[in-house]
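Chain by chain, the residues:
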Amino acid sequence: MDFLSLDLLLSERDRVVRDSARSFARTHIAPVIEDHAEKAEFPHDLLPKIGALGFAGGVLKGYGCPGLSALQTGLYAMEFAKESADLGTFILLQIITMTPILKCGSEEQKQKYLPSMAKLEKIGCFCLTEPEAGSDATSLKTTATKVEGGWLLDGEKRWIGNGTFADVAVVWARDSKTGKINGFIVEPKTIKEPQWSTTAIKNKVGFRAVQNAHIYMKQCFVSDAQRLPLAEDFATGPGACLHFTRLLAGFIAVGVAWGAGEKCLAYAKSRKQFGKPLAKLQIIQERLVKVTANLQSMFLMCYRGALLYDENKLSFGQVGMIKSYNTLRGREVVAMCRELVGGNGLLGLSGVGRAFTDMEEN
C-alpha cells in the first residue's frame, strides 16, 4: 500500500533492516501469534530467534547494542507490528529498559546488563506507571528509603509490560528523604515474596500476548551498587528515557494500521458479493483510498521525526504530536478496515479484528 513510493526514501541499509524484520515477522510471528493472543500467552520460544536478528537495543550504541538509526529501529518495530502489536511493543519495552542503564548507569552496570539484554538473553521491564500515577508520572508514590548498604523499596507498579517474567527491572521510586525520583536495577528472579511479587493483569481486549503485571514491593532491598547514579530526579531519570520510545510508539501505530490495511485490501480483492469482488465497488474503493492516505501521512510523520531524532533536533512537542497524530489516524484506519471485512473482522484469525483492539492500547 506504498502509494507514494515511500520506499524511495530509504537507504540500502534501511531496506536491509526492514526486509529482514519483515521476512522474520511473516515467517515466524504470523503463523503463531494468533494462538498466543487467544491464550494471552507470550511466545517465549521466539526470543532466541529475535535475538539472532541482531537488532535488539535499536538506536542504543556500545555494549553489544546494534546502534541502528532511529529510522531503522522504527522500521524494525513497524514490520513486527504489522503481524503483531504485541511483538512490536516487546521491542519498545526492551529498549526502554536498556536506555536508563546506558544513560544513567555506572560502567559496571552497563557491562553487567547491556550485552546480555542486547542478545535477549535477559529480558527487561520498565517500572514507572503506578495505580495512581499513569500519565501524571511525576506523582510517584513508590518510595526508596536509604538503609545501611542499600535501599528499601516500598510501593506498587501497574501495567508493567514483561513484568511477570523479566530478568531485569528498572524501578523508579521517590527518595523518602529528598523527594527526588531515583532509579534502581532490580533482578526480580533473585528476590523472594513478599519483598517482590507480581500478578498478571488478565482479561485484556488488546495486547493480549503482552504480559502486563501489577508489581508489589514490600521492604524490597537493593544494594547501593544497583542504584542508577546519574538519575538524580525525574528529568535526568525517566524523563530522559521516554523521548525515543514515543517516536517508536508512532512507528508501531503505523505497523498495526498498515498490517490491517494490507489484510483488508487482500480481503476486498478476494471476497465476492453481487457477482464481483468488493474492491470493484466504488464505496469500498473510497474507504480504501482513505486508509491508504492515512498510512502515507502516518509514515511520513515518523520518517521526519526519525531524521530529526538522529540530528538531536526532535523536541518533546514534536514527538508528542507524532505519537498523538499516528494513534488517532491509526484508530481511523483499523476502524474502517474492521468495517470493510464485515463479520469476518470480528475473528482474530483475520488479523484485522486483533489490530482493531490492539490499536486502542497503543
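The coordinates are above.
Each chain carries its own residue numbering, running from 1 in the direction its sequence is written. For a predicted model such as this one, the threshold for reporting local features is a pLDDT of at least 70, and the threshold for listing and counting side-chain atom pairs is 80 or more; totals across whole chains, interfaces and linings nevertheless cover every residue. The side-chain values count all of the structure's non-hydrogen atoms but skip hydrogen atoms and water molecules.

Draft legend 1. Spotlight on the overall build of the protein. Strands here mean DSSP runs of E at least two residues long; helices mean DSSP runs of H or I at least four residues long; both are numbered from the N terminus. Counting secondary structure elements, the protein contains 10 helices and 11 strands. Throughout, the radius of gyration refers to the C-alpha atoms, and the reference size of a globule is 2.2 Å times the residue count to the power 0.38. Computed over C-alpha atoms, the radius of gyration of the protein comes to 21 Å, within 12% of the 21 Å expected from 2.2 N^0.38 for 362 residues, which places it in the range of a compact globule. Referenced to the eigenvectors of the C-alpha coordinate spread, the extents of the protein come out at roughly 80 × 40 × 35 Å. A 1.4 Å probe rolled over the protein chains alone gives each residue an accessible area, and that area as a share of the maximum for its type sets the label: buried under 20%, exposed over 50%, partly exposed in between. Counting across all 362 residues of the protein, residues that qualify as buried make up 54%. The method behind every accessible area is Shrake-Rupley, applied with a 1.4 Å probe, and residues are considered shielded solely by the protein chains displayed. When the accessible surface of the protein is summed, it comes to about 15700 Å², and 54% of that surface belongs to carbon and sulfur atoms. When the 44 positive and 38 negative side-chain charges of the protein are each reduced to one mean point, those points stand 4 Å apart. By the counting scheme adopted, Arg and Lys are positive, Glu and Asp are negative, and His together with the chain ends is not counted. Taken as the charge location is NZ of Lys, CZ of Arg, CG of Asp or CD of Glu.

Draft legend 2. Molecular detail of the environment of aspartate 19. Inspection of the secondary structure puts aspartate 19 in helix H1 (residues 12-39). Sequence separation between aspartate 19 and tyrosine 76 is 57 residues; the distance between their C-alpha atoms is 8.8 Å.

Draft legend 3. Region of the structure containing the packing of helix H3 (residues 70-83) against helix H8 (residues 282-310). Running from N to C, H3 and H8 cross one another at 140°; their axes reach a closest spacing of 8 Å. Listed contacts from H8 to Ala70, Leu71, Leu75 and Met78 of H3 are Phe299, Tyr303, Ala306, Tyr309 and Asp310. Think of it as three bins: nonpolar holds Ala, Val, Leu, Ile, Met, Phe, Trp, Tyr, Cys and Pro, charged holds Asp, Glu, Lys and Arg, and polar takes everything else, Gly as well. Its residues placed into classes, the contact of H3 with H8 shows 8 nonpolar, no polar and 1 charged. Orientation is described by lines fitted to C-alpha atoms, with helices fitted over the stretch in contact, and by angles between N-to-C directions that extend from 0 to 180 degrees. Throughout, a contact is declared for two residues whenever any of their heavy atoms are within 4.5 Å.

Draft legend 4. A look at the side chain of asparagine 182. Within the element layout of this structure, asparagine 182 appears in strand E7 (residues 181-186). A relative accessible area of 3% means that asparagine 182 is categorised as buried. Each residue touching asparagine 182, except ones within four places of it in the same chain, is listed here: Trp151, Val171, Trp172, Ala173, Asp175, Arg227, Ala231 and Glu232.

Draft legend 5. Structural detail: the side chain of histidine 243. Mapped onto the elements, histidine 243 comes out in helix H7 (residues 243-270). On the basis of relative accessibility, which here comes to 15%, the residue histidine 243 falls in the buried class. Each residue touching histidine 243, except ones within four places of it in the same chain, is listed here: Tyr309, Leu314, Ser315, Phe316 and Val319.

Draft legend 6. Representation of the pattern of salt bridges within the structure. Salt bridges are defined as contacts in which a side-chain nitrogen from Lys or Arg sits within 4 Å of a carboxyl oxygen from Asp or Glu. Applying the stated criterion across every chain yields a total of 18 salt bridges. A salt bridge links glutamate 79 to lysine 82, with the nearest nitrogen and oxygen atoms 3.1 Å apart. Residue glutamate 79 and its partner lysine 82 are both found in helix H3; the two are separated by 3 residues, about one turn of the helix. Of the charged contacts in the structure, one is a salt bridge between lysine 313 and glutamate 311, with a shortest N-O distance of 3.8 Å. Through salt bridges with shared partners, a single ionic network connects Asp7, Arg15, Arg18 and Asp19.

Draft legend 7. A look at the pairing of E7. Counting buried positions over the 6 residues of E7 gives 6, a clear majority of the element. Burial along E7 is two-sided: Ile181, Gly183 and Ile185 facing one way and Asn182, Phe184 and Val186 facing the other are all buried. Linking two consecutive strands that pair antiparallel, namely strand E6 (residues 168-175) and E7, is a turn of 5 residues; a positive phi of about 80° is found at glycine 179 within it. Strand pairing is assigned whenever DSSP identifies at least 2 bridges connecting the two strands.

Draft legend 8. Inspection of H7 at higher detail. Take the number of residues in a helix, subtract one, and multiply by 1.5 Å to get its expected span. Its 28 residues place the ends of H7 42 Å apart at the C-alpha level, agreeing with the 40 Å of an ideal helix rising 1.5 Å per residue. Burial analysis of H7 places 21 of its 28 residues in the buried class, the great majority of the element.

Draft legend 9. Seen up close, the packing of aromatic side chains. Between the rings of Phe, Tyr and Trp (Trp by its six-membered ring), a pair exists once the centres lie within 6.5 Å; its type follows the angle of the planes, with under 30 degrees stacked, over 60 edge-to-face, and the other angles tilted. Tallied over the entire structure, the rule returns 9 aromatic pairs. Across from the ring centre of tryptophan 151, 5.7 Å away, lies the NZ or CZ of lysine 146, which sits over that ring. We call a charge positioned over a ring when the NZ of a Lys or the CZ of an Arg lies within 6 Å of the ring centre and within 35 degrees of the ring normal.

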